[in-house]
Amino acid sequence: MRSNRLIKLPQKALFCRINPIATAAGSDPAIRLGTVMAYTLGDPFRPLRIILRVNGIFLGLLLGALFLLLPATLLIHWGLAVDGMLWSLRLAGANQIALGCFLLIASGQHYMNRVLLFTATLTHVLWVLTLLSAYLQQELANLLATGRAFLILAFLLCLIGAVAPLRYVRSSD
């Protein structure tokens with residue numbers, strides 16, 4: 001039977017589970033390194049985790065749910081869709097939700113290796129290029145003022161999300 005009790009190691013500021021068998025035998029608690037929590041106060045990836053969570057929630061889950069679940073009349077009124085061509089926007093919404101889930105799962109990883117950092121950067125770069133391309137081709141010209149403000153905010157969040165993982169690439173395995 002495993003114990004889910006957590007102990008704090010002050011010298012490393014990590015939280016680890018202890019082995020109840022070793023404790024019952026009178027020896028020091030055996031620390032299983034595979035059960036270290038994903039983040040602590042001394043976590044070097046904390047700023048990146050915050051960015052991934054914010055982008056996962058707002059750009060992934062929220063924006064994807066809006067595209068997927070809002071009525072067609074509202075999306076057409078906002079200028080996000082053309083009458084009769086809603087399937088591509090619905091598909092984009094489903095993909096946004098999947099990418100939002102990826103970013104939330106990635107933000108909870110104990111250690112962020114190069115593959116995870118590259119994938120997070122690539123996701124955000126593709127979002128930035130898509131928004132920039134749509135803007136330059138004036139596909140977003142019929143957006144309302146609220147839509148334009150949201151577009152600028154989304155672009156900035158994507159840009160931050162594309163640049164933030166780059167600082168950790170050299171320090172990872």
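Residues numbered from 1 in each chain as written. Predicted model: local features only at pLDDT ≥ 70, side-chain atom pairs only at ≥ 80, totals over all residues. Heavy atoms only, no water.

(A) Main features of helix α5 (residues 114-136). The terminal C-alpha atoms of α5 lie 32 Å apart, and with 23 residues this matches the ideal 33 Å at 1.5 Å per residue to within 8%. Within the sequence span of α5, burial applies to L116, L117, A120, T121, T123, H124, W127, V128 and A134. Packed against the buried residues of α5 are α2 (46-69), α4 (87-107), α6 (145-163) and α7 (166-169). Downstream of α5 by a residue or two, Q138 has a phi angle that is positive, lying close to 55°. (Helix = DSSP H or I, 4+ residues; strand = E, 2+ residues; numbered from the N terminus. Expected span 1.5 Å × (residues − 1). Buried < 20%, exposed > 50% of the residue type's maximum accessible area, 1.4 Å probe, protein only. Contact = heavy atoms within 4.5 Å.)

(B) Quick peek at the pattern of salt bridges. Under the counting rule described, the total for this entry stands at 1 salt bridge. In this structure, the salt-bridge partner of D43 is R49, at a minimum N-O distance of 2.5 Å. When its relative accessible area of 1% is taken as the criterion, R49 is described as buried. (Salt bridge = Lys/Arg side-chain N within 4 Å of Asp/Glu carboxyl O.)

(C) Examining the side chain of T121 more closely. Secondary-structure assignment places T121 in helix α5. Leaving out residues up to four positions away in the same chain, T121 has contacts with A162, P165 and L166.

(D) Looking closely at unusual backbone geometry. Not every positive phi belongs to a glycine, and Q138 is a case in point at roughly 55°. Inspection of the secondary structure assignment puts Q138 in the loop between α5 and α6. Among the residues examined, Q138 registers a relative accessible area of 63% and is labelled exposed.

(E) Here's a closer look at the packing of aromatic side chains. For the structure on display, the rule yields 2 aromatic pairs. Seen from their ring centres, F45 and Y111 are 5.6 Å apart, and the 80° between their planes marks the pair as edge-to-face. Residue F45 is found in the loop between α1 (20-24) and α2, and its partner Y111 is found in the loop between α4 and α5; the two are separated by 66 residues along the sequence. Taking the relative accessible area as the measure of exposure, Y111 reaches 35% and is therefore partly exposed. Centre to centre, the rings of F45 and Y168 are 5.2 Å apart; their planes meet at 45°, and the pair counts as tilted. Here F45, found in the loop between α1 and α2, pairs with Y168, found in helix α7; they are 123 residues apart in sequence, far enough to count as distant. Of the two residues, F45 and Y168, neither departs from the other in class, the shared state being buried. (Phe/Tyr/Trp six-rings, centres within 6.5 Å; stacked < 30°, edge-to-face > 60°.)

(F) Highlighting α4. For α4, with 21 residues, the first-to-last C-alpha span of 30 Å sits near the 30 Å given by 1.5 Å per residue. For α4, the full list of buried residues reads L89, G93, Q96, G100, L103, A106 and S107. For α4, the angular spread of the buried residues around the axis is 145°, confining them to a single face. In α4, the exposed positions angled more than 90 degrees off the buried face are occupied by W87 and I105. (Arc of directions from axis to C-beta.)

(G) Local environment of a nonpolar patch on the surface. On the surface, I50, V54, I57, F58, L62 and L66 cluster together into a nonpolar patch covering about 470 Å² of accessible area. Locating V54 in the fold gives a position in helix α2. Look at V54 and you get partly exposed, because its relative accessible area is 30%. (Patch = residues over 30% accessible without salt bridge, like charges linked within 9 Å, V, L, I, M, F, W, Y side chains within 5 Å. Areas by Shrake-Rupley, 256 points an atom, 1.4 Å probe, with all protein chains shown as cover.)

(H) Spotlight on the nonpolar core. Among the nonpolar cores identified, the biggest contains 18 residues, and L48, L52, L59 and M112 are the most heavily contacted of them. Of all the secondary-structure elements, those providing two or more residues to this core are α2, α4, α5 and α6. With 5 residues, α5 is the largest single contributor of residues to this core. Setting aside chain neighbours within four positions, we find L48 in contact with M112, L117, A164, P165 and Y168. Formed by 7 residues, the second largest nonpolar core is a distinct cluster that contains L63, L70, L75 and L89. (Core = buried A, V, L, I, M, F, W, Y, C linked by side-chain atoms within 4.5 Å.)

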